[in-house]
Amino acid sequence: MSSVSAASAASTALYGGASGRRVTVRDLAAAKERHERWPMVTAYDAMTARVFDEAGIPVMLVGDSAAMVVYGYDSTLPVTVDDLIPLTAAVVRGSKRAMVIADLPFASYQASPQQALETAARFMKEAGAHAVKLEGGRRVLSQVEMLVSAGVPVMAHIGLTPQSVNVFGGYRVQGRGQSGDELMADAKALEHAGAFGVVLECVPADLAERVTASLSVPTIGIGAGAGTDAQVLVWQDLMGLTPRPAKFVKKYFDLAGEMDRAVRAYADEVVSGVFPAPEHSYH
């Protein structure tokens, strides 16, 4: 590969690519055509967003998972639009290149396409989000169509949709057996409605691979095997902060252990009088 073509590849690559602008839905579509895989992670604050952005992460999701990892609830259901807008704004301010997607929380879009548009408009106008994500298959097609027609990029989410956990009877794998045909139909309908990508959560790997092959838009897997176009994880899960992560989570760092050691060392030095030392004091 020549130096010119290598530089061109580096500038167009989603992960770690060099660009003076934000990643867009066209970039994601182009990556699909190149068969280029890419990572997505959640983010909820400016400092974390800056670290991920500088690491080259092309897409960050301000997930309704904030209900659990930020606000301490035991499910995603209690979090509100007012809870998520400040977090989304912080992630936008903390990043320069990544596309920032805002999750539409439970009961903020299901009632009608108009409700979905009003909610999405708040995330885009008040927080600066570049796109939104919503859960559901064919039952939310009218919402997707309304948003897309209004100029709001939409990422869809099917399979295990945590906002519907009470209907599913818990966090269970979706799409096994004949229900796989329904999931495939949902994915195709969402693409037809204008969704620029589809999250597949907790579905059999072979089904996720078939869905990925059948769509012209990228699929983003979480607990869906390696055959999707992209992968997403909650950052606290991959960094080892979550005490009991799901089966699909790989822990890349023991951040909980490192934080425990650091705060204990700090506390011990305060108690013993070692900290602050002269170099930490003003004279």
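Sequence order as written defines residue numbering, which begins from 1 separately in each chain. Only residues with pLDDT of 70 or above have their local features reported here, since the model is predicted, and side-chain atom pairs are shown and tallied only from 80 upward, although totals for entire chains, interfaces and linings are computed over all residues. Side-chain measures here rest on the full set of heavy atoms in the structure, leaving out hydrogens and waters.

Colleague: So what exactly am I meant to see when it comes to the layout of surface pockets here?
Modeller: Gaps between atoms show up when a probe of the same size as a water molecule is rolled over them. By volume, the largest pocket amounts to about 740 Å³. Forming the walls of the largest pocket are 32 residues, and the residues nearest its centre are Ser 65, Met 68, Val 234, Asp 237 and Phe 248. Those elements that place two or more of their residues in the lining of the largest pocket are β1 (38-42), α4 (66-69), β4 (131-135), β6 (197-201), β8 (230-233) and α11 (235-238). Here the nonpolar group is Ala, Val, Leu, Ile, Met, Phe, Trp, Tyr, Cys and Pro; Asp, Glu, Lys and Arg are the charged ones; every other residue, Gly included, is treated as polar. Here the lining of the largest pocket is built from residues that sort into 18 nonpolar, 7 polar and 7 charged. In this analysis, the protein atoms alone were mapped onto a 1 Å grid. Cavities are point sets where a 1.4 Å probe fits without being able to get out; pockets are open sets with protein on both sides within 12 Å along at least five of seven lines; lining residues have an atom within 4 Å of a point. Grid points are joined across faces, edges and corners, and a volume is the space filled by probe spheres set on the points. Roughly 400 Å³ of internal volume is contained in the second largest pocket. In this structure, the second largest pocket is lined by 19 residues; those nearest its centre are Pro 39, Val 41, Leu 233, Leu 238 and Tyr 252. Looking at the lining of the second largest pocket, the elements that each hand over two or more residues are β1, α3 (46-54), β7 (219-222) and β8. Looking at the lining of the second largest pocket, its residues break down into 15 nonpolar, 3 polar and 1 charged. Working definition: helices are DSSP H or I runs of at least four residues, strands are E runs of at least two. Numbering for both runs from the N terminus.

Colleague: Looking at this structure, I do not really get the UniProt feature "binding site: 3-methyl-2-oxobutanoate" (unreviewed entry) in the protein chain. What am I missing?
Modeller: UniProt positions are given in the numbering used here, feature names are shortened, and annotations may be inferred rather than shown by experiment. Mapped onto the present numbering, the UniProt feature "binding site: 3-methyl-2-oxobutanoate" (unreviewed entry) falls on Asp 64, Ser 65, Asp 103 and Lys 133. For this annotated set, covering 70 residues, all C-alpha atoms fall within 12.5 Å of each other, a compact arrangement in space. Of the residues annotated just before, the largest pocket has Asp 64, Ser 65, Asp 103 and Lys 133 among its lining. Turning to its location among the elements, Ser 65 is positioned in the loop between β2 (59-62) and α4. Residues are treated as being in contact if the distance between any of their heavy atoms lies within 4.5 Å. Dropping the residues within four chain positions of it, Ser 65 is found in contact with Thr 42, Tyr 44, Thr 76 and Val 234. When sequence neighbours within four positions are dropped, the list of residues in contact with Asp 103 reads Leu 61, Val 62, Gly 63, Asp 64, Leu 84, Phe 123 and Lys 133.

Colleague: Would you mind showing me how to read a nonpolar patch on the surface here?
Modeller: Residues enter patches when they are more than 30% accessible in relative terms and free of salt bridges; like-charged ones are connected within 9 Å and nonpolar ones (Val, Leu, Ile, Met, Phe, Trp, Tyr) within 5 Å. All accessible areas in this document rest on Shrake-Rupley with a 1.4 Å probe, and a residue is counted as covered only by the protein chains that are shown. We define a salt bridge as a side-chain nitrogen of Lys or Arg found within 4 Å of a carboxyl oxygen belonging to Asp or Glu. Among the surface-exposed residues, Met 68, Val 69, Val 70, Tyr 71 and Tyr 73 lie close enough to one another that they form a single nonpolar patch of about 390 Å² accessible area. Looking at where Met 68 falls in the secondary structure, it is placed in helix α4. You can call Met 68 partly exposed: its relative accessible area is 34%. Relative accessible area decides the class of each residue, using a 1.4 Å probe on protein chains only: under 20% of the type maximum gives buried, over 50% gives exposed, and in between gives partly exposed.

Colleague: Help me understand the UniProt feature "binding site: Mg(2+)" (unreviewed entry) in the protein chain in this model?
Modeller: Per the UniProt record, "binding site: Mg(2+)" (unreviewed entry) is found at Asp 64, Asp 103 and Glu 135. For the residues just named, distributed over 72 residues, the greatest C-alpha separation is only 10.9 Å, placing them together at one site. In this structure, the largest pocket is lined, among the annotated residues mentioned, by Asp 64, Asp 103 and Glu 135. Its location among the elements puts Asp 64 in the loop between β2 and α4. Take Asp 64: its relative accessible area is 5%, and that puts it in the buried class.

Colleague: How do you make sense of the environment of Lys 251 when you look at a structure like this?
Modeller: Among the secondary structure elements, Lys 251 is positioned in the loop between α11 and α12 (255-272). Sequence separation of Lys 251 and Ala 224 is 27 residues, and the distance between their C-alpha atoms is 17 Å. Dropping the residues within four chain positions of it, Lys 251 is found in contact with Asp 237, Leu 238, Met 239 and Gly 240.

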